[in-house]
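Working through the structure, step by step
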Amino acid sequence: MKRKLNTILVTGGAGFIGSNFIHYLFGKSTSGEAAFEDAQFTGRVVNLDALTYAGNGESLDDIDAEFGTGASGERRYFFEKADICDRAAVERIFREYDIDTVVHFAAESHVDRSIVGPEAFIRTNVLGTHTLLDVARAYWGISLDNQRDDVLFHHISTDEVYGSLGETGYFTETTSYDPRSPYSASKAASDHIVMAYHHTYGLPVTLSNCTNNYGPFQFPEKLIPLMILNMQRGTSLPVYGAGTNIRDWIYVEDHNRAVWLILKDGKTGEKYNIGGENEWQNIALLDKLIEVAANGLGKSADDIRKTITHVKDRPGHDLRYAIDCTKIKRELGWERKMTFERGLALTVRWNLTHPDWIRRILSGEYMQWVEKNYGDRDKQHA
């Protein structure tokens with residue numbers, strides 16, 4: 001039986017990757033240029049987001065205006081301010097919208113924050129994922145005696161669950177898990193719970209582990225937007241240790257095309273690694289970013305480089321991540337289409353041309369948007 005893909009519940013849809021994914025589903029590229037390809041999705045999207053510090057509903061104002069509250073004709077976009085740990089709220093959303101597909105982006109995701117405050121990561125990433133799985137299983141009526149293949153729970157994970165690589169080698173779908181931070185440990189736990197629900201109850205699931213994303217709407221605590229912001233301000237560019245840690249980078253639209261292919265054609269019970277095949281030492285990435293950003297900022301690249309500051313390395317800092325994405329390329333026909341040079345240029349341009357979005361994030365003003373638009377939503381469903 002073919003998967004329905006009629007009503008997709010996107011958790012964490014107001015965050016960086018989630019908001020880009022929703023734009024992709026509606027055929028709207030966030031880069032300012034045409035998308036590489038259209039998802040041709042014609043169903044409904046329900047965005048479930050708690051709107052914590054990294055979730056900004058303003059990122060989807062254009063989608064809401066065209067397909068949601070301001071739309072003429074059939075409404076296709078719905079926003080629900082809710083916590084994925086709130087079982088009653090999740091149950092109501094499944095019933096109210098008749099959810100047939102879950103794309104689970106919602107997560108606490110910043111390694112540094114997990115080091116100083118791991119509890120929030122365990123709650124959201126582990127307990128929240130369990131709540132979603134259990135509600136989905138109950139609503140879809142799935143048990144070992146009642147199997148379905150027309151619904152799907154897709155779980156978004158990270159390459160950080162695999163631990164650290166040396167100078168050679170790549171993470172594959174069969175690489176053993178070896179998380180090194182509270183963040184990666186919480187994601188590893190959620191991955192195992194997702195697969196356990198598949199093997200124990202027969203819940204139809206797929207799982208993807210992706211490398212570092214970059215692009216529009218990324219919260220400015222992450223490396224690339226933080227460095228662009230600091231260049232604008234003329235403040236120091238902090239680099240952990242010698243800056244020799246290596247990461248693999250992928251443009252967010254390439255990631256989201258991969259997720260869409262998994263939703264449509266991915267094999268139930270399988271996991272897929274998504275990588276950019278684009279490894280950079282942190283210090284080399286920063287040098288490249290300075291080169292790209294200097295012209296737009298009207299500054300000398302050499303002057304900007306003088307502001308690089310090496311700071312004490314963080315605990316448990318993995319040396320290298322690198323993804324082998326042969327499986328998704330071979331089985332689903334996915335390939336990376338954005339070059340790193342072009343992706344960086346688009347990302348720099350987006351950050352420099354959206355100063356109000358950045359300013360409201362930094363000042364906390366965007367939380368006023370939450371109160372204005374959804375301040376009474378919790379009371380409404382109390």
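Scroll up a little and you will see the structure.
Described below are features of the structure shown in this document. (Residues numbered from 1 in each chain as written. Predicted model: local features only at pLDDT ≥ 70, side-chain atom pairs only at ≥ 80, totals over all residues. Heavy atoms only, no water.)

**Quick notes on the overall build of the protein chain**
Helix and strand counts for the protein chain come out as 15 helices and twelve strands. Expected size for 382 residues packed as a compact globule is a radius of gyration near 21 Å; at 20 Å, the protein chain falls within 12% of this value. With the C-alpha coordinates of the protein chain rotated into their principal frame, the extents come out at 65 × 45 × 40 Å. For the protein chain, with 382 residues in total, the buried portion stands at 55%. Taking the intrachain contacts of the protein chain between residues at least 6 apart in sequence as the baseline, contacts between residues at least 24 apart amount to 83%. Of the side-chain charges in the protein chain, 43 are positive and 53 negative, and the distance between the mean point of each set is 1 Å. (Helix = DSSP H or I, 4+ residues; strand = E, 2+ residues; numbered from the N terminus. Rg over C-alpha atoms; globule rule 2.2 N^0.38 Å. Buried < 20%, exposed > 50% of the residue type's maximum accessible area, 1.4 Å probe, protein only. Contact = heavy atoms within 4.5 Å. Lys, Arg positive; Asp, Glu negative; His and termini not counted. Charge placed at Lys NZ, Arg CZ, Asp CG, Glu CD.)

**A short note on the sheet that holds strand 9 (residues 246–251)**
What the three strands build is an open sheet, ordered 7-9-11; its pairing is mixed. The two strands at the open ends of the sheet, each matched to only one other strand, are strand 7 (212–214) and strand 11 (279–281). The mean angle between the axes of side-by-side strands here comes to 45°, regardless of whether they run parallel or antiparallel. For strand 9 and strand 11, the ladder comprises three bridges, and the chain directions are antiparallel. Residue pairing for strand 11: Asp248 is matched across the bridge by Glu279. Across the sheet, helix 9 (residues 282–297) lies against strand 9 and strand 11, angled at about 95° from strand 11, the strand it touches most. (Pairing = 2+ DSSP bridges. Axes fitted to C-alpha atoms, helices over the stretch in contact; angles between N-to-C directions.)

**Thoughts on the sheet that holds strand 3 (residues 77–81)**
As summarised here, the arrangement of the seven strands in space is 3-2-1-4-5-6-10, forming an open sheet in which the pairing is parallel. Lying at the two open borders of the sheet, with one neighbouring strand each, are strand 3 and strand 10 (271–274). Shown here is a sheet whose adjacent strand axes are inclined to one another by a mean of 20°, direction ignored. In terms of strand pairing, strand 2 (residues 44–49) meets strand 3 through five bridges, oriented parallel. Bridge pairing in strand 3 places Val45 opposite Tyr77.

**Re the nonpolar core**
Counting residues in hydrophobic clusters, the biggest one holds 47 residues, and the most contacted among them are Tyr77, Trp260, Leu263, Ile274 and Ile328. Those elements that provide at least two residues to this core are strand 1 (7–11), helix 1 (16–25), helix 2 (61–67), strand 3, strand 5 (152–158), helix 8 (252–265), strand 10 and helix 11 (326–332). Among the elements that line this core, the one with the most residues is helix 8, at seven residues. Those residues in contact with Trp260 that sit more than four places away from it in its chain are Leu5, Ile8, Phe21, Tyr24, Leu25, Ala39 and Phe41. (Core = buried A, V, L, I, M, F, W, Y, C linked by side-chain atoms within 4.5 Å.)

**What about helix 3 (residues 87–97)?**
Residues of helix 3 that are buried include every one of Ala89, Val90, Arg92, Ile93, Phe94 and Tyr97, and no others. Looking one or two places after helix 3, you find Asp98, whose phi comes out positive at around 55°.

**Points about the packing of aromatic side chains**
Throughout the structure, instances matching the rule amount to 19 aromatic pairs. For the ring pair Phe21 and Phe105, a centre distance of 5.4 Å and an interplane angle of 55° mean the geometry is tilted. Taken as a pair, Phe21 in helix 1 and Phe105 in the loop between strand 4 (101–104) and helix 4 (111–116) lie far apart in primary sequence, 84 residues in all. According to the relative accessible area criterion, Phe21 is buried, its value standing at 0%. The class of Phe105 is buried, set by a relative accessible area of 10%. Among the aromatic residues, those joined into a cluster by ring pairs are Tyr214, Trp249, Tyr251, Trp280 and Phe340. The ring centre of Tyr201 lies 4.0 Å from the NZ or CZ of Arg137, which sits over that ring. Taking the ring centre of Tyr272 as reference, the NZ or CZ of Lys327 above it sits at 4.9 Å. (Phe/Tyr/Trp six-rings, centres within 6.5 Å; stacked < 30°, edge-to-face > 60°. Lys NZ or Arg CZ within 6 Å of the ring centre and 35° of its normal.)

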